[in-house]
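The residues making up each chain are set out below.
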Amino acid sequence: INSTFTVTVKNPLPTTATNGYHFDWKMYNVYGNEVVINLEKPVYCPQLGLPKMVRDLPTGEQSFTKANVAYQGDTLEYIVQYSNTGDGNADAATIYDVIPVNTAYVSGSTVISRGGGSETALADGLTGSGVNIGTIEAGETGYIKFHVTVSNTIAAAEVLTNTAYLNAGG
């Protein structure tokens, strides 16, 4: 007598062992001749994005843009949008921002929104050593907004360059 079995491996494989089972990435045949099938362990990778835009608050701008014009004493609002379009989580995510020379961070102005939720205050530190926002889950989007003021001594036609960084998992 010959019997054939078809087995479909769960995708994704569970990560919590139950009923005495374990996860060693092998499939064992227990119905006859011993057969061990090595399963390929999937690799889940985050794909992170960090676009950044700005708007000049004193002029009443409602929309953020990639480039703008500012004047002495203006308050600029930056938005740092983060996303994870990959299939794995980005753990221990830290975002930090290097504000332009001739601007000053407005203390207490940083807010965060995760996954379309409401804005909540975020501790100062974004423009210093950065802020740890925890895990950015696969498919998650969010943003951080903060304000800077432009120096009263800035030269005409000076370019303000602002750069944000995202580090995950060290």
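Just so we're clear, the structure is a prediction, and the values are computed from it rather than from any experiment. (Residues numbered from 1 in each chain as written. Predicted model: local features only at pLDDT ≥ 70, side-chain atom pairs only at ≥ 80, totals over all residues. Heavy atoms only, no water.)

This paragraph deals with the overall build of the protein. Check the secondary structure of the protein and you find zero helices and twelve strands. Buried residues in the protein amount to 26% of all 170 residues. Pairs at least 24 apart in sequence give 69% of the contacts found in the protein among residues at least 6 apart. Accessible area for the protein stands at about 11000 Å²; split by element, carbon and sulfur atoms hold 52% of it. (Helix = DSSP H or I, 4+ residues; strand = E, 2+ residues; numbered from the N terminus. Buried < 20%, exposed > 50% of the residue type's maximum accessible area, 1.4 Å probe, protein only. Contact = heavy atoms within 4.5 Å. Areas by Shrake-Rupley, 256 points an atom, 1.4 Å probe, with all protein chains shown as cover.)

A few words on the packing of aromatic side chains. This model, assessed by the stated rule, comprises three aromatic pairs. Each ring, one from Tyr96 and one from Tyr165, has its centre 4.9 Å from the other, and the planes form 20°; the classification is stacked. Residue Tyr96 is located in strand 6 (residues 90–98), and its partner Tyr165 is located in strand 12 (residues 163–167); the two are separated by 69 residues in the primary sequence. When its relative accessible area of 29% is taken as the criterion, Tyr96 is described as partly exposed. According to the relative accessible area criterion, Tyr165 is partly exposed, its value standing at 38%. Stacked on the ring of Tyr78, the Lys or Arg Lys52 has its end atom at 4.7 Å from the ring centre. (Phe/Tyr/Trp six-rings, centres within 6.5 Å; stacked < 30°, edge-to-face > 60°. Lys NZ or Arg CZ within 6 Å of the ring centre and 35° of its normal.)

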